[in-house]
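Letter by letter, the chains look like this.
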Amino acid sequence: MSIWKQAVDLDTLNAWSRQSLVGTLGIELTEAGEDFLRGTMPVDARTRQPFGLLHGGASVALAETLGSVAGNHCVGDGYMVVGVEINANHLRAKTDGVVTGTARPLHVGRSTQVWEIRIEDERERLVCISRITLAVVPRPAAS
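Residues numbered from 1 in each chain as written. Predicted model: local features only at pLDDT ≥ 70, side-chain atom pairs only at ≥ 80, totals over all residues. Heavy atoms only, no water.

### Some details on unusual backbone geometry
The backbone phi angle of E124 is positive, close to 60°, even though this residue is not glycine. Position of E124 among the secondary structure elements: in the loop between strand 5 (112-120) and strand 6 (126-138). Taking relative accessible area as the criterion, E124 reaches 64% and is therefore assigned exposed. (Helix = DSSP H or I, 4+ residues; strand = E, 2+ residues; numbered from the N terminus. Buried < 20%, exposed > 50% of the residue type's maximum accessible area, 1.4 Å probe, protein only.)

Okay, structure coming up:
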């Protein structure tokens, strides 16, 4: 059974993101399953720290993107989610290639959501594990 309350249109979401941090980092949403959202991010000059390793902040940006986008598709009309807290454990160094993040809900409630995001390398080895807590709030009226 699908967790989504709104249709997940990856093409539209990727187009909206191109002129934001998401686009700058090369993050692409790639798959929405019944209970997950997946996306990729290159490990290149945009996402590495000065010593040549994947920057932890880039991993957190990927995790927050996936968790927040997924969370917003699990709320009804008139509501949205905003990040309250995020944490990440960086478990494996990565110097090039691509990482793939998969967000799955741990809790989807009326006022809060908690998502786990696993970021893996091309060999499906865990690079980073992250958890984000989101607050469900009324969506501001369009002005």
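The discussion continues.
### What about helix 3 (residues 56-72)?
Relative to the 24 Å expected for 17 residues at 1.5 Å per residue, helix 3 spans 24 Å between its end C-alpha atoms, a close match to the ideal helical length. Where burial is concerned, most of helix 3 is hidden: 12 out of the 17 residues are buried. Regarding helix 3, the residues found buried are A58, S59, A61, L62, A63, T65, L66, G67, S68, V69, A70 and G71. (Expected span 1.5 Å × (residues − 1).)

### Remarks on the packing of aromatic side chains
Each aromatic ring pair is specified by the distance between its two centres and by the angle formed by the two planes. Enumeration over the complete set of coordinates arrives at one aromatic pair. Between W4 and W115 the ring centres are 6.5 Å apart and the planes differ by 10°, which places this aromatic pair in the stacked class. Of this pair, W4 sits in the segment before helix 1 (10-17) while W115 sits in strand 5, placing them 111 residues apart in sequence. (Phe/Tyr/Trp six-rings, centres within 6.5 Å; stacked < 30°, edge-to-face > 60°.)

### What about the nonpolar core?
Counting residues in hydrophobic clusters, the biggest one holds 31 residues, and the most contacted among them are L37, M41, V99, W115 and I117. By residue number, the principal contributor to this core is helix 3, which donates seven residues. The residues touching V99, leaving out its near neighbours within four places in the chain, are G39, T40, M41, V43, L54, L62, K94, I119, E120 and V127. (Core = buried A, V, L, I, M, F, W, Y, C linked by side-chain atoms within 4.5 Å. Contact = heavy atoms within 4.5 Å.)

### Here we look at the pairing of strand 6
Relative to strand 6, strand 3 (residues 79-90) runs antiparallel, the two sharing 11 bridges. From the neighbouring strand, N89 faces strand 6, where its bridge partner is I129. Pairing of strand 5 with strand 6, which is carried by nine bridges, proceeds in the antiparallel orientation. The partner of W115 across the bridge, within strand 6, is I132. (Pairing = 2+ DSSP bridges.)

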